Every structure is written in structure tokens, then in C-alpha cells.
Amino acid sequence: MLFRSDPIADGSGEIRRVAGDLEDLEATTHAIAREVEALPRLDGLANVAGIFDPISMGEANHPSFERHLRVNLTAPWLLADVLWGKLANGGRIVNAGSLAAGSPFPGSVAYTCSKAGLVGLPNVLHASGRKAGIEAHCINSGWVDTPLVPDDAKSRATTTLDPESAAAEIVRLLCGGGSPRGAVSYPMGAGGT
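Residues numbered from 1 in each chain as written. Predicted model: local features only at pLDDT ≥ 70, side-chain atom pairs only at ≥ 80, totals over all residues. Heavy atoms only, no water.

Draft legend 1. The arrangement of helix α2 (residues 62–87) in detail. Compared with the 38 Å implied by 1.5 Å per residue over 26 residues, the 35 Å span of α2 between its first and last C-alpha is a close match. If you look at α2, its biggest bend is around 45°, right at T74, and the proline P76 turns up within four residues after that. Of the positions making up α2, those classed as buried are S64, H68, V71, N72, A75, P76, L78, L79, A80, L83 and L87. Near the N-terminus of α2, the side chain that reaches the backbone nitrogen of S64, with its oxygen 3.1 Å away, is that of N61. (Helix = DSSP H or I, 4+ residues; strand = E, 2+ residues; numbered from the N terminus. Expected span 1.5 Å × (residues − 1). Bend = angle between axes of the 7 residues up to and from the residue. Buried < 20%, exposed > 50% of the residue type's maximum accessible area, 1.4 Å probe, protein only. Polar contact = N/O pair within 3.5 Å; in protein donor to acceptor, adjacent residues only side chain to side chain.)

Encoded structure:
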């Protein structure tokens with residue numbers, strides 16, 4: 001989880017990183033709440049963690065499906081909820097989604113379902129945050145060249161996005177940049193299938 005406090009346009013701000021196990025949401029949210037308790041406000045929250053374990057239809061792997069939902073969808077919602085009051089008056093939330101939400105690939109049933117939910121989450125956060133001055137976005141990228149991408153997917157992908165470009169887009173939004181055509185969720189990069 002990354003969050004930002006104080007404006008950084010003039011170089012005076014600070015980006016803090018809090019490590020936590022998103023499978024243990026209670027402990028992680030408590031750690032984050034303690035970390036930000038003394039801060040008057042937060043300017044941004046980036047939810048960039050995610051998991052992918054191949055699950056195909058007919059496997060009925062309920063524990064893995066639930067794990068995907070907990071890490072890829074429940075954690076971003078819960079972190080936004082816990083930090084909501086600190087993000088008021090101009091805070092931004094950026095979620096790292098996936099083009100797989102609309103373009104699934106073999107073995108991606110749990111991943112695709114969790115990322116499809118993540119596409120809907122910023123719409124709710126954005127609508128709920130209007131009065132509080134909170135803006136939310138979801139960047140749906142194609143394959144980002146990380147260890148999360150399975151080797152067979154890398155061989156099928158026509159292009160991949162480098163992690164630095166994906167991170168730069170997240171930082172741009174956190175620092176006040178606009179999204180294409182004012183969209184809450186939008187695609188970035190290519191790939192997916």
C-alpha cells in the first residue's frame with residue numbers, strides 16, 4: 001500500500017509505504033490506521049497489490065477463489081474505507097485493475113472476477129466521495145512485466161507494459177492528473193489475451 005501525505009508538487013511532501021499481508025486484513029488495516037493516525041490528512045492511496053493463481057472452470061477451488069477476492073477486491077475497498085476520513089478534501093484513490101476484467105483468458109476465473117469488481121469499486125468510491133472531495137480511479141492495464149504474469153501468458157502477449165510506465169501513470173493520477181475523457185476507469189497498455 002502506498003499513500004501520500006502533504007502536497008509533493010514542490011518536493012516538500014512525503015510518500016510512505018506500509019507493508020502488510022492483505023490476506024490478514026484486520027492486522028494490516030490496524031497497522032495502516034496507526035501509521036496515519038497523527039497525520040492531519042492524506043492526499044492519496046494507491047492500491048497496487050494483486051495475486052494471480054490459475055483456476056479453471058471445473059476445478060471448484062473455493063479457497064483460491066476467495067483468496068483472490070480478499071486480496072484483489074476486498075482489501076482495496078477496506079483500505080479506502082479505513083482511510084476515508086483522512087482522504088477528505090482533495091484525496092485521490094487509484095486502484096491497479098486489469099484488462100482481464102473485460103477480456104478474460106484461460107485459467108483466470110478468480111482473477112477476472114476479482115478485477116471486474118475492482119473496476120466497479122472506484123465508480124462507487126467516486127460517487128460517494130463527491131461531497132467529501134475524494135476522487136477515485138482504476139487503471140486497467142494489459143500485461144505488466146512482473147513475476148505475477150505467467151510464462152505462458154508472456155509468450156502469448158503481443159506487448160507488455162513495463163512496471164515503470166504503470167507506476168508513472170498511478171503517480172500522475174495521485175498528483176492531480178486527469179484521466180482520459182474524465183473516465184473513472186480506463187484502459188492502459190495492451191495484451192490480456
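Draft legend 2. Quick look at the pairing of strand β4 (residues 92–98). The buried fraction of β4 amounts to seven of the seven residues, a majority that puts the element mostly inside the structure. On β4, burial covers both faces: R92, V94, A96 and S98 on one face and I93, N95 and G97 on the other are all buried. Pairing of strand β3 (residues 44–47) with β4 involves four bridges; the strand directions are parallel. Paired with L45 across the two strands is I93, which belongs to β4. In this view, the connection linking β3 to its parallel neighbour β4 by way of α2 has right-handed handedness. The pairing of β4 with strand β5 (residues 135–141) spans seven bridges and is parallel. Its bridge partner lying in β5, V94 is registered against H137. Between β4 and its parallel partner β5, the chain crosses via helix α3 (residues 109–129), and the hand of that crossover is right-handed. (Pairing = 2+ DSSP bridges. Right-handed = clockwise from strand over helix to strand, strands pointing away.)

Draft legend 3. Structural view of empty space enclosed by the protein. The final tally for this structure, using the stated rule, is one cavity of 30 Å³ or more. A volume near 50 Å³ is recorded for the largest cavity. Taken together, ten residues form the lining of the largest cavity, with L22, N47, V48, A49 and P76 sitting closest to its centre. Of all the secondary-structure elements, those providing two or more residues to the lining of the largest cavity are β3 and α2. By residue number, the principal contributor to the lining of the largest cavity is α2, which donates four residues. The residue inventory of the lining of the largest cavity, partitioned by class, reads nine nonpolar, one polar and no charged. (1 Å grid on protein atoms, 1.4 Å probe; cavity = no way out; pocket = protein on both sides within 12 Å on 5 of 7 lines; lining within 4 Å. Points joined across faces, edges and corners; volume = space filled by probe spheres on them. Nonpolar A, V, L, I, M, F, W, Y, C, P; charged D, E, K, R; others polar.)

Draft legend 4. Highlighting the environment of A19. Following the sequence through the fold, A19 ends up in the loop between β2 (14–17) and α1 (25–36). Look at A19 and you get exposed, because its relative accessible area is 63%. For the pair formed by A19 and I32, sequence separation is 13 residues and the distance between their alpha carbons is 8.9 Å.

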